Amino acid sequence: ALEAPRDDSFGENLRMALEAASDARNLKDSAEARAAAEKALDEWQRLEQQRGDAKMALALALRIGEVEALQLALDEAQQAGLISGRGESQLVQEAQTMLQEAHQREQQNAQAAEDLQRAIESRDLGSLECAVALCLERHLPLHGADALLEKLRGEEIRREEATRKLQQAMSTEDLGAIRSASSAALDAGVHSSLVEEAEACAEALQVAMKRREKASVELHLAIHSKDVQRLQAAITQARNVGVDGDTIDEANAELEEMVLAQRRCEEARGSLAAAAKARTLAPLRAALEDSEGVLLRSSMEVQEALRVLAELEEEARLVEEENARQAVERELRLAVEQQDWDAIVASRDQAKALGFQEDDSLLRLADSALDVLRDAHEIGEAERIVAKMTAKIENLTGRTKELVGPTHKKERNAIGKLITQCRNNEDYLSAARFLKNPEAERKRRRERARELEKKMSEERAARQIRQQEASAELRVAIGKRDNDAVRALLVEDILESADTEVAEAFLVEQEAKRVAVEKDAALCEFSFAGMDRRAFFQASIAMVELLTDHYSMQEGSDFKLKVVKASNSVLVGFRSAEMASNVRTTAVSIAASLDPARPAAVLAAAEAREPGYFSEEVEDALDGFRQDVETMLRKTPQPDAKAALQRLSSVGSH
């Protein structure tokens, strides 16, 4: 039994051997063998107890599954001899297998924790998602990785949204949208290659926009320059760089109008040249009338035609005057031959009006004939006057005799007054005296003529003084634009002919201004007199900017511009007189309040003029511009036109 293997049956076999040996105490060496057997049995029991404890530890460790417990249990099993290397018990094998698996799990958990830490440090969403999922699966602590994962997922969503918006913006031509989306994408961490692509797209778009802007400015300037070739080139350039179709259509419409106007100008020039060459009054006047509103009055063709017209009119006047002189000479000689006093006097007065001098032979002939006929004429004239008045008195006296009774008393008295007036009539009394004593009456008449001449001389002197006073009053009234005072001086009929012409011209001008104010109430001139050409070049662009930005108006719908280079002016036509009035009273002050670096600030140097006070060059350009404004008014107004008018009213009230 002592020599048998010390397995599970060793103790039982040794115990049975001891019991069997209890009867052999008398055998030699039995005591020593028995002591050795008991000692071996105690040792085996101790080891058996140790193995039992080790087995219990193994079983417990297997239930717990922890590495340390398994390792301790296996160490105890090793010490208890359960692990001999010749084949372990199933419990030991299970513990060893479980420990190996636990070690593998620890390694895997350590790897998972390491992967999680690397993912946290790299902030890579995919790696972090895998690491967090593995840690959750292995029930490992996340150390804040879940919060970071949510944050990165939010960032990824924002990045995807930013990428989508950036790609969407890049598909448009909205530079502001691309720049905004690019900035947002950069902040959201979108891949740099896409952001760089967007920036390149924005730069290309900006270059294209600058080209379009430059083409639009040239289109605008070409329209107002009224240069057909320049506008054609500007339209081609605008179409090539992608200026919007509405603007190009409007420019094409302007081009058609300009071509038509140019054709009318050429036709007017041809008509004027042909009429001037033919030197015929009626066709030349008709050609000048047709050229009004087509050619400027200051143009070379019109001025040449006016010069020829003046020459022809002067020639016609001289011919007419010569014909009139010849006619009056024939009539006067005929009257002398017929000894017709009245015809001689009338022809003589007409000859004086035509410029015949007192010492002219024709007038001397008339005076000689009148001297010859004077006595007979004066006697005949006196007899005619006396006879006429006598007949009238006799007629009135006869009527008085017919009016009998108190009922006709008032009528008789009235007729009696008429008879008295007839008898006291100066011409009648003079004629009667002449028939009685011609020489005495002639002397009396000469004295009367001298008295009348003296009185007329005094009246002429007083009139001259009054004319001087009236001339001064006229200048004051014109300076004050007092139409009523000017009319009063004309009614008084005291002004000299030159002053009368000035007064009448002033009233005509004022009436024309009144009509112009009513007709052109929607027009306004912004004069830049004295401004150098380079600065004036920007004036129309500045005007468009001011009306667009500060008055919410749109060119071609709410207003129309015309640059008048001859007077350094910009002529503006509005949709209504109310718009024109508000802009006229507020534009210069608004421009003065702007940053001097703004283009619209140049308008602070302008003088806003109302109809009736336009410069001469602008007046010459009005007819064609009125047609442009009428064309604009026929177009459908923009929806914001009413809002623009309300804004203007608000600006005007402040």
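What counts and what doesn't
- Residues numbered from 1 in each chain as written.
- Predicted model: local features only at pLDDT ≥ 70, side-chain atom pairs only at ≥ 80, totals over all residues.
- Heavy atoms only, no water.
- Core = buried A, V, L, I, M, F, W, Y, C linked by side-chain atoms within 4.5 Å.
- Buried < 20%, exposed > 50% of the residue type's maximum accessible area, 1.4 Å probe, protein only.
- Helix = DSSP H or I, 4+ residues; strand = E, 2+ residues; numbered from the N terminus.
- Salt bridge = Lys/Arg side-chain N within 4 Å of Asp/Glu carboxyl O.
- Pairing = 2+ DSSP bridges.
- Phe/Tyr/Trp six-rings, centres within 6.5 Å; stacked < 30°, edge-to-face > 60°.
- Lys NZ or Arg CZ within 6 Å of the ring centre and 35° of its normal.
- Expected span 1.5 Å × (residues − 1).
- Arc of directions from axis to C-beta.
- Contact = heavy atoms within 4.5 Å.
- Polar contact = N/O pair within 3.5 Å; in protein donor to acceptor, adjacent residues only side chain to side chain.
- Axes fitted to C-alpha atoms, helices over the stretch in contact; angles between N-to-C directions.
- Bend = angle between axes of the 7 residues up to and from the residue.

A.B. asks: Account for the nonpolar core, with residues named and values stated.
C.D. replies: If you look at the biggest cluster of nonpolar residues, it comprises 30 residues, and the most contacted ones within it are Phe526, Phe528, Leu547, Val572 and Phe574. Sort the elements by how many residues they give to this core and helix α21 (residues 539–551) lands first, with seven residues.

A.B. asks: Outline the pattern of salt bridges, supporting the account with residue identities and numerical values.
C.D. replies: Summed over all chains, the structure comprises 38 salt bridges. Where Glu114 meets Arg118, a salt bridge forms, and the shortest distance between an N and an O atom there is 2.8 Å. Placement of both Glu114 and Arg118 in helix α4 (residues 90–122) is noted, with a separation of four residues, approximately one turn of the helix. Its relative accessible area of 42% is what places Glu114 among the partly exposed residues. Judged by relative accessible area, Arg118 falls into the partly exposed class, the value being 40%. Of the charged contacts, one joins Arg230 and Glu218 as a salt bridge, the two residues approaching to 2.8 Å between their closest N and O atoms. Remark: Glu218 occurs in helix α8 (residues 192–225) and Arg230 occurs in helix α9 (residues 228–241); sequence separation between them is twelve residues. A single network of salt bridges, built from pairs that share partners, joins Arg279, Glu304, Arg307, Glu311 and Glu315.

A.B. asks: I'd like to hear about the pairing of strand β1 (residues 523–527), residue by residue, with values.
C.D. replies: The buried fraction of β1 amounts to five of the five residues, a majority that puts the element mostly inside the structure. Of the two faces of β1, the one lined by Leu523, Glu525 and Ser527 and the one lined by Cys524 and Phe526 are each fully buried. Across five bridges, the pairing between β1 and strand β3 (residues 569–574) is antiparallel. Across the sheet, the residue bridging to Glu525 is Leu571, located in β3.

A.B. asks: Quick one: what's the story with the packing of aromatic side chains, residue by residue and with numbers?
C.D. replies: Counted under the stated rule, the structure contains one aromatic pair. Taking NZ or CZ as reference, Arg325 lies 3.9 Å from the ring centre of Phe356, over its face.

A.B. asks: Explain the pairing of strand β2 (residues 559–564) residue by residue, including any values.
C.D. replies: Counting buried positions over the six residues of β2 gives six, a clear majority of the element. Across the two faces of β2 the burial is the same, with Phe559, Leu561 and Val563 and Lys560, Lys562 and Val564 all buried. Across six bridges, β2 lies against β3 in antiparallel orientation. Note that in β3 the partner of Val563 across the bridge is Val570.

A.B. asks: Any details on helix α13 (residues 341–353)? Residues and values, ideally.
C.D. replies: Look at α13: 18 Å from first C-alpha to last across 13 residues, which is about the 18 Å you get at 1.5 Å a residue. Along α13, the positions that sit buried rather than exposed are Trp341, Ile344, Ser347, Arg348 and Ala351. The buried residues of α13 all sit within an arc of 135° when viewed along its axis, so they share a single face. Relative to its buried face, α13 has exposed residues pointing more than 90 degrees away, namely Asp342 and Ala353. Elements in contact with the buried residues of α13: α12 (300–337) and α14 (361–402). Between a side-chain oxygen at the N-terminus of α13 and the backbone nitrogen of Asp342 the separation is 3.3 Å; the capping residue is Asp340. Phi turns positive, to about 100°, at Gly355, one or two residues after α13.

A.B. asks: With reference to specific residues and values, describe the sheet that holds β2.
C.D. replies: Overall, antiparallel pairing links the four strands, which are arranged β2-β3-β1-β4 in an open sheet. Edge strands, defined here as strands with exactly one partner in the open sheet, are β2 and β4 (607–609). Averaged over all neighbouring strand pairs, the angle between strand axes comes to 20°, with direction disregarded. Here α21 sits on the sheet and contacts β1, β2 and β3; the angle it forms with β2, its principal contact strand, is near 160°.

A.B. asks: Describe helix α22 (residues 577–592), naming the residues involved and giving the relevant values.
C.D. replies: Taking 1.5 Å per residue, 16 residues should reach 22 Å; α22 reaches 24 Å between its end C-alpha atoms and fits that length. Taking the largest bend as the criterion, α22 deviates by roughly 40°, centred on Thr586. Three or more residues of α22 are buried, namely Met579, Ala580, Asn582, Val583, Arg584, Thr586, Ala587, Ile590 and Ala591.

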